[in-house]
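# Structural overview
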Amino acid sequence: MKVALISTEMNPVPPVVGGAIQTYIEGVLPYLSTDYEVTVLSVKHESLPEFEFSDRVTYFRFDRTLYEHHVFDHLQRHSYDILHVFNRPHFILNYHHASPRSKLILSLHNEMMAENKISTFRGNRVVTLCHAIVTISQYIKNTVIDRFPHAEEKTYPIYSAVDMQRYRPYWMDEAVREKRIRLREEFGLKGRKVILFVGRLSKVKGVHLLIQAMEIVAAKHPNAMLLIVGSKWFGTNETNKYVDSLHDLARSIPNNVKFARFVPPSRVPDFYAMADLFVCVSQWNEPLARVHYEAMASGLPILTTDRGGNTEVVQHGWNGLVLSNSEYNQPEAIAHSIFRLLQNEDEASALAYAGYLSAKRNFTFDRLGNDIKAVYERITK
Amino acid sequence: MKLEEEFVGNGKQFAKFLQQMVNQIEGDGLVIRGEKVAMPVQDVEFKISFKNELGENKLSIKMEWMDG
């Protein structure tokens, strides 16, 4: 069976500049390619060829400009049994027109079926045409069926996954522990309590509130260091007003905040290895940030917010701490929870261990690959 | 501010819809989502376009003007 995975126009596959969707695709390819003839369509990147056959997978990479036109042309010239379209419901109708015999699967990683993203008419047609819709959380499924109730029976929440070989707990893996010691020396973090943030530097991610919380934390724990990994956008260190404002905020506690800026995906596990605690302070209804899986696999205690799908994988007091709806936007409450994890090492270790077990049991690419294969089999039998 | 209403139907229903819009515009009584849109007196740009792209057809009738 021939399957085309159609990535978005944002980033290339493999995820040389990052991207949750691209990481997801790369992660499932080894599992899908054992059973299917797999082709990946994505955008070009200077470090990647336009056409490639590698590890049983065929890659076509197109210009970002008019990306959907290139995909459309490709689909008219190549035949696939399944088109698995990522996060672009808008183009489902066009891709169906280009390849009317292919079965359609839509993977949703954000609220792309919301009123401000797609018209009711088009959304209804997309739901009708798709043989299955896969969402990365129950939260995202709910956003679809609240507006398009007839999507209920064909929409499957399938949680994303993490590469458990790349992300390893320092307290379990000797090599990671040695790397942690070396990197912490290199980054001037020896003897510090490292609180890690990984993500885009955007107001909706709440980084400003985390820095404000650090002012409170630093007063009691001068040893604490907030390590911020990420930039305004994937693959770039250009700043904007918000990023500049974060640097301004951090000037009041220069010994307690460090910006690592954009880090290539291949190096991100190193930053988890250096950390003692992972914090996600998303203010928007996060679809379900994949950083939670990475932190779990890295064996870190997690502090997150009760926004969107986050609490579907992080349960307060079991595999992390959750800032409630009255706390998530309060620097004092964020600081209080950070204190709790810094001061109660036994509790932090128990949460970290439970998180690691969660990742190992539920969030491996092996499981994700099998879940996707099950959807493919269901729609083609 | 953005006001938008969406309709689904056939070509004849679209033609009828256009006639209703014409009447509303002529009578300075255009209403979208319950909000009245004040018609400009002059300096209006209007156009009609048709596009067929990626198997999809789009007919647009559009008018644009600046706040007075």
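Just so we're clear, the structure is a prediction, and the values are computed from it rather than from any experiment.

### Focus: the overall build of chain A
Each helix and strand in chain A was counted, giving 13 helices and 14 strands. For chain A, whose C-alpha radius of gyration is 21 Å, the value lies close to the compact-globule estimate of 21 Å for 381 residues. Referenced to the eigenvectors of the C-alpha coordinate spread, the extents of chain A come out at roughly 65 × 40 × 40 Å. Scored against the burial criterion, the 381 residues of chain A give a buried share of 50%. Sequence separation of 24 or more characterises 67% of the internal contacts of chain A that already satisfy a separation of 6 or more.

### As for the nonpolar core
Residues and elements named next belong to chain A. Counting residues in each nonpolar core, the largest one holds 122 residues, and the members touching the most others are Leu196, Leu210, Leu227, Leu277 and Val279. Of all the elements, helix H1 (residues 20-32) adds the most residues to this core, at 8 residues. Counting contributing residues per domain, this core is built from domain 1 (2-161 + 364-380) and domain 2 (174-362), each supplying no fewer than three. Beyond its immediate chain neighbours, meaning those up to four positions away, valine 279 contacts Ile195, Leu196, Phe197, Leu210, Leu303 and Ile338.

### Considering the pairing of strand E7 (residues 132-135) of chain A
All names here are of chain A. What you see with E7 is no split at all: Ala132 and Val134 on one side and Ile133 and Thr135 on the other are buried throughout. Across 4 bridges, the pairing between strand E6 (residues 103-108) and E7 is parallel. Paired with serine 107 across the two strands is valine 134, which belongs to E7. Regarding topology, helix H4 (residues 120-129) serves as the crossover connection from E6 to the parallel E7, and that connection is right-handed. In the sheet, E7 pairs with strand E8 (residues 155-157) via 3 bridges, with the strands oriented parallel. Along E8, the bridge assignment pairs threonine 135 with proline 157. What joins E7 to E8 is helix H5 (residues 138-147), and the crossover it makes is right-handed.

### Quick notes on the UniProt feature "domain: Glycosyltransferase subfamily 4-like N-terminal" (unreviewed entry) in chain A
Look at the UniProt record and you will see "domain: Glycosyltransferase subfamily 4-like N-terminal" (unreviewed entry) annotated at residues 22-166 of chain A. Split by type, residues 22-166 of chain A is 34% helix and 24% strand. Its first and last C-alpha atoms lie 16 Å apart.

### What about the domain arrangement of chain A?
Interfaces are often described in size by the accessible area the parts lose on coming together. Residue and element names in this part refer to chain A. Entries for chain A in the domain assignment read domain 1 (2-161 + 364-380) and domain 2 (174-362). When each unit is reduced to the centre of its C-alpha atoms, the spacing between domain 1 and domain 2 is 30 Å. Contributing elements (two or more residues each) for the side of domain 1 that touches domain 2: H1 and H5. Here the side of domain 1 that touches domain 2 takes 3 residues from H5, the largest share from any one element. Tallied by class, the residues present in the side of domain 1 that touches domain 2 amount to 8 nonpolar, 10 polar and 2 charged.

### A short note on the environment of A:Val375
Residues and elements named next belong to chain A. Position of valine 375 relative to the elements: it lies in helix H13 (residues 365-380). Distance in space between the C-alpha atoms of valine 375 and alanine 297 is 26 Å, their sequence separation being 78 residues. Contact partners of valine 375, with chain neighbours within four places excluded, come to Ile105, Ala132, Val134 and Tyr156.

### Remarks on H1(A)
Residues and elements named next belong to chain A. Here H1 spans 18 Å end to end across 13 residues, near enough to the 18 Å set by a 1.5 Å rise per residue. Every buried residue of H1 is listed here: Ala20, Ile21, Gln22, Thr23, Tyr24, Ile25, Glu26, Gly27, Val28, Leu29, Tyr31 and Leu32. Contacts from the buried residues of H1 go to strand E1 (2-6), strand E2 (37-43), strand E4 (57-62), strand E5 (82-86) and H13.

### Structural notes on the sheet that holds strand E13 (residues 302-305) of chain A
Residue and element names in this part refer to chain A. Taken together, the 6 strands give an open sheet; going across it, the order is E11-E10-E9-E12-E13-E14, and neighbouring strands pair in parallel fashion. In this open sheet, the two edge strands, each paired with only one partner strand, are strand E11 (257-261) and strand E14 (321-323). Sheet twist, expressed as the average angle between the axes of neighbouring strands with direction ignored, equals 20 degrees.

Reading guide: rules and limits
- Residues numbered from 1 in each chain as written.
- Chains lettered and ligands numbered in written order.
- Predicted model: local features only at pLDDT ≥ 70, side-chain atom pairs only at ≥ 80, totals over all residues.
- Helix = DSSP H or I, 4+ residues; strand = E, 2+ residues; numbered from the N terminus.
- Rg over C-alpha atoms; globule rule 2.2 N^0.38 Å.
- Buried ≥ 20, exposed ≤ 12 C-beta atoms within 10 Å, placed from the backbone.
- Contact = placed C-beta atoms within 7 Å.
- Core = buried A, V, L, I, M, F, W, Y, C linked by C-beta atoms within 7 Å.
- Domains from an automatic or database assignment.
- Pairing = 2+ DSSP bridges.
- Right-handed = clockwise from strand over helix to strand, strands pointing away.
- UniProt positions renumbered as here; feature names shortened; annotations may be inferred.
- Nonpolar A, V, L, I, M, F, W, Y, C, P; charged D, E, K, R; others polar.
- Expected span 1.5 Å × (residues − 1).
- Axes fitted to C-alpha atoms, helices over the stretch in contact; angles between N-to-C directions.

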